[in-house]
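A closer look at the structure
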Amino acid sequence: MSKSLIACAIDAKECALVRLKTSGDTEYSLSLCKTLPFGLGDFAFDRGKRLLKKLDNQLNEWPDEELALCIGPKSYLPLPACFPANASSEESRKYGRIEAGYFLNQPEEYDFDITSYGDNSHGLLEKKILLFYPAEPCRKVSEHFSTTHRIVFRGTPQLPLLHLSKHTSNTQVILEVENNFILLTISSKGRIEKFSCREVKNRKEIEYFTIHILIDNPVCQDAGVQVTGSMADKTMIALIQRETSIKLKPLGIPPSIAINNPQKLPFSSAAAVKAISSALMALSNNKEFILSSQ
C-alpha cells in the first residue's frame, strides 16, 4: 500500500513544498515540488500571515494530509549530553528539557532536536547532541498548519539531512554557511560522527573559520563536502576551494534514493532537498512504526 505526505522547508531566503509518495518498497514519486522566494526572516514581520496564506494556497489540494515541517533557524546552541541507553523519545525529550533549564537563561524560548552522536557501542549511557534553537517563528508556523494537517515532524534540517546518510555507503559531509553561524556535520549510516558549530559576526570570520574547520577535518578531503547556506555564494565557494583544495558540491539527494520523476519536477534548490529529506524521514519513521506494531 502506497503512502504519501507533504513537507515544507523554510530556509533563510526561500521555502520549498513537496509531496512525496512511496512507489513500491524502495522508490518514490513527486507530485508537488515548488520553491517560493521568501524565507525565515520574512515571517517575522507583518507580512507573515500573507506568506502563510500563500503556502496554504499551494497545499489546498491535499487539505488533510500529514505534514513534515522543517525550518532552518537563525542560530544553534549545541550541547553534548549523555542519556540512559534505550531511552524512549518521550523520555529523551524530558531529559532535554531538564538540560535546557541548566544550559539556557530562558529555556521556554527555545526548542531542540536530539540525535545520537559518536560511538555508543558500550555502556549504560548514550551520547547525544541537543541542538537548541529559537522556538519562534517555527512554533507560530507549526500552530498555523496544525489546524489543517497532522504534523508528523517539526524541527530543523539536521535530522532530515542526517537521515540521508542512511542511504549512502560513503561518509556524508555537509557544510552550512549562514550569516550567523558555520555548521559542519560528518555522518555515516544515520549517526553523526563529528559535529562543529561556530558563531560568526561577519564575512571575514565566515571565510576564516570555514577554511580552518575543513582543514582540521581530513575526512573532508576524501569524502567531498556538500555545501548550503545563504552565504555560500559563488565567491565564497571559490575562495574556500582555493584555500583548502577541497571540492565543494551543492546539497543533494543520494543517488541510491530512487525518485522516479525528477525531470518532471526538478529539486535543485537546497530548500527542496531539505523538504524531500524531511518527507523521506517521516515516511521511513511511519513505516518503522507500522512494522513494530504488527
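Everything that follows concerns the structure shown earlier in this document.
Here's what I pulled together on the structure shown here. Given the structure is predicted, the values throughout are model-derived calculations rather than measurements.

Remarks on the pattern of salt bridges
Per the stated rule, a full pass over the model turns up 11 salt bridges. The salt bridge partner of Arg19 is Glu65, with a shortest N-O separation of 2.8 Å. Placement of Arg19 in strand S2 (residues 15-23) and of Glu65 in the loop between helix H1 (48-59) and strand S4 (67-71) is noted, with a sequence separation of 46 residues between them. Between Glu243 and Arg242 there is a salt bridge; the shortest N-O distance is 3.9 Å. We classify Arg242 as exposed; its relative accessible area is 57%.

Description of helix H5 (residues 203-215)
Counted at 1.5 Å a residue, the expected span for H5 with its 13 residues is 18 Å, and the 18 Å between its end C-alpha atoms agrees. Taken residue by residue, H5 has Ile206, Glu207, Phe209, Thr210, Ile211, Ile213 and Leu214 as its buried positions. With a side-chain oxygen lying 3.2 Å from the backbone nitrogen of Lys204, the N-terminal cap of H5 falls on Asn202.

Some words on the nonpolar core
Of all hydrophobic cores here, the largest spans 31 residues; its most connected members are Val18, Leu20, Tyr28, Leu30, Ile257, Ile276 and Leu280. Contributions of two or more residues to this core are made by strand S1 (4-10), S2, strand S3 (27-36), S4, helix H4 (158-164) and helix H8 (270-293). With 11 residues, H8 is the single largest residue contributor to this core. Judged by nonpolar contacts, the second largest core, of 21 residues, contains Leu36, Phe38, Leu51 and Leu59.

Comments concerning the pairing of S4
Among the five residues that make up S4, five are buried, leaving the element largely enclosed by the rest of the structure. What you see with S4 is no split at all: Leu67, Leu69 and Ile71 on one side and Ala68 and Cys70 on the other are buried throughout. Taken together, the five bridges between S1 and S4 define a ladder with parallel strand orientation. What sits directly across from Ile6, in S4, is Leu67. Strand direction decides the pairing type here: S4 and strand S8 (residues 151-155), joined by four bridges, are parallel. Across the sheet, residue Leu67 finds its bridge partner in S8, namely Ile151.

Cut-offs applied
- Residues numbered from 1 in each chain as written.
- Predicted model: local features only at pLDDT ≥ 70, side-chain atom pairs only at ≥ 80, totals over all residues.
- Heavy atoms only, no water.
- Salt bridge = Lys/Arg side-chain N within 4 Å of Asp/Glu carboxyl O.
- Helix = DSSP H or I, 4+ residues; strand = E, 2+ residues; numbered from the N terminus.
- Buried < 20%, exposed > 50% of the residue type's maximum accessible area, 1.4 Å probe, protein only.
- Expected span 1.5 Å × (residues − 1).
- Polar contact = N/O pair within 3.5 Å; in protein donor to acceptor, adjacent residues only side chain to side chain.
- Core = buried A, V, L, I, M, F, W, Y, C linked by side-chain atoms within 4.5 Å.
- Pairing = 2+ DSSP bridges.

Shape descriptors only; they carry no functional weight alone.
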